[in-house]
Amino acid sequence: MISEASAPGKIILFGEHFVVYGVKAILASVDKRITVTSRKTNEKKIMIDSLFGNQSYSSDVDIKSIKPEIKPIAYLAKTTINKFDWTGGIQIKIDSQLPSGVGLGSSSSSCVASAASVSGLFEEPSKENILNLAIDAERTIFPQTSGADCTVCTYGGIIEYQKEKGYKKLDVKPDFELVILNSDTIHSTDKMVNQVREFKNTNPEMFLKLREKETNLIEEAKQALRNNDSSNLGRIMRENQSYLEEIGVSNQNLQNIIEFANSKTFGSKLTGAGGGGCIISITNKNDLKTVTESFERTKYKYWTAKLDFDGLIVG
Ligand code: PMV
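Definitions and cut-offs
Residues numbered from 1 in each chain as written. Predicted model: local features only at pLDDT ≥ 70, side-chain atom pairs only at ≥ 80, totals over all residues. Heavy atoms only, no water. Helix = DSSP H or I, 4+ residues; strand = E, 2+ residues; numbered from the N terminus. Buried < 20%, exposed > 50% of the residue type's maximum accessible area, 1.4 Å probe, protein only. Axes fitted to C-alpha atoms, helices over the stretch in contact; angles between N-to-C directions. Parallel < 35°, antiparallel > 145°, perpendicular 65-115°, else oblique. Left-handed = near helix turned anticlockwise from the far one by under 90°. Contact = heavy atoms within 4.5 Å. Expected span 1.5 Å × (residues − 1). Pairing = 2+ DSSP bridges. 1 Å grid on protein atoms, 1.4 Å probe; cavity = no way out; pocket = protein on both sides within 12 Å on 5 of 7 lines; lining within 4 Å. Points joined across faces, edges and corners; volume = space filled by probe spheres on them. Nonpolar A, V, L, I, M, F, W, Y, C, P; charged D, E, K, R; others polar. Arc of directions from axis to C-beta.

Sorry if this is basic, but what is going on with the environment of N203 here?
Within the secondary structure, N203 sits in the loop between α5 (189–202) and α6 (204–226). Looking at N203, the relative accessible area reads 26%, which means it is partly exposed. In this structure, the C-alpha to C-alpha distance between N203 and I247, residues 44 residues apart in sequence, is 9.5 Å.

Right, here's the structure in full:
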């Protein structure tokens, strides 16, 4: 039996980092996916075939010994084998359309698709159970994750996410055109989150003020999304970027790209943990061609992304 599932990548429209401290974030899933195919084997092995190569472990492997790139996948395979007392092993194949380590949710998307594919070998799991397993898996490499990324990769569309309260789907279909540009610098989410914690501990009052500003900005963003007001959303993105700069997760390279993108679009910001990774820009249909032509002249890879409204697809 083969069990297949796919999950989309994601962008954080507003609220990264502040979401770790209880502020709402707004996320959206995008039309590049990770597809995972798994099957049971008689051999007591966990085999993972991904862009990080072909790896094979005994099914009672000590997860701590596994390299971070595939640790969450091995974790969820081992957990599932134990949960169902399976006497054999599992073979997992991961195909990705997403670049990794640049804030587009490659890790969350692969955790969600793998959790669905692997547990689908034994039962018909609910989305909630898949999400919980995916978040547990992601915590093996990123203990501080807010869970926002895995949530949007599971449910798709545009969501509002708050750490203690969970997620709410925003019933909006904005008609902005979204362009994602990759700065080609890989970042470490854990490192950036730790850096923000240090910033918060050294500048408690400043952080509190920014946290409050971000809270208000998120409400403005929700209103602009409801009004389908792309120009206002662009302004809010610029504002959000300035808070991210203040907490130290942007850098000169990102700022140069953003400044250039801002001169052509409604607004731009980094997306995800920062320190590298991708930036997002929004524009309208009429200007899209001019925007992409000017991005063409930079040395960076970019693509016009569509929002995804499917989320996790099983089978
Ligand atoms: O891993 P990334 O680049 O998508 O960033 C995660 C977003 C953070 O807000 C920085 C952390 C989190 O867990 O929400």
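I'm lost on the packing of α6 against helix α7 (residues 230–246) in this one. Help?
Helix packing for two helices is described by the angle between their axes and how far apart those axes are. The geometry of α6 relative to α7 is characterised by a closest axis approach of 10 Å and an angle of 165 degrees between their N-to-C directions. By the angle between their axes, α6 is roughly antiparallel relative to α7. The element α6 and its partner α7 pack so that their crossing is left-handed. Taken together, the residues of α7 that come into contact with α6 (itself represented by M206, L210, K213, E214, L217, E220, A221, A224 and L225) are N232, L233, R235, I236, E239, N240, Y243 and E246.

What is the right way to look at α7 in this model?
Three or four residues apart is the spacing at which side chains of an α-helix point the same way, because the helix has 3.6 residues per turn. Compared with an ideal rise of 1.5 Å per residue, which puts 17 residues at 24 Å, α7 spans 24 Å between its outermost C-alpha atoms and is within 8% of the ideal. Within the sequence span of α7, burial applies to S230, L233, G234, I236, M237, N240, Q241, Y243 and L244. On the buried face of α7, the contacting elements are β1 (2–14), α6, α8 (252–262), β9 (267–271) and β10 (278–283). G248 lies just past α7 and shows a positive phi near 85 degrees.

Please explain the sheet that holds strand β11 (residues 301–305) as it appears in this structure.
Across a sheet, paired strands are connected by hydrogen bonds in the backbone, their directions being either parallel or antiparallel. Pairing is antiparallel across the open sheet formed by four strands, whose spatial order is β9-β10-β8-β11. Across the chains shown, the open sheet's two edge strands, defined by having one partner strand only, are β9 and β11. The sheet shows a mean angle of 25 degrees between the axes of neighbouring strands, taken without regard to direction. Sheet topology places β9 next to β10; five bridges connect them, and they run antiparallel. Counterpart to G267 in the pairing with β10 is I282. Along the sheet face, α8 touches β8 (177–182), β9 and β10 and points at about 155 degrees away from the line of β9. In this fold helix α9 (residues 285–296) packs onto β8, β10 and β11, with an angle of close to 10 degrees to the strand it touches most, β8.

Mind showing me how you'd approach the layout of surface pockets here?
As a volume, the largest pocket reaches approximately 980 Å³. Lining of the largest pocket is provided by 45 residues; of these, G101, S107, E138, I141 and T189 occupy positions nearest its centre. Among the elements of the structure, β1, β2 (25–41), α1 (71–83), β5 (89–96), α2 (106–119), α4 (148–155) and α5 are those that each provide at least two residues to the lining of the largest pocket. With four residues, α2 is the largest single contributor of residues to the lining of the largest pocket. Of the residues assigned to the lining of the largest pocket, the class counts are 22 nonpolar, 17 polar and six charged.

Before we go on, may I ask you to explain α8 in this structure?
Taken together, the buried positions of α8 are occupied by L254, I257, I258, A261 and N262. The arc that holds every buried residue of α8, seen down its axis, measures 135 degrees, which confines them to one face. Seen from the buried face of α8, the exposed residues on the opposite side, beyond 90 degrees, are Q252 and E259. Buried residues in α8 make contact with β8, α7, β9, β10 and α9.

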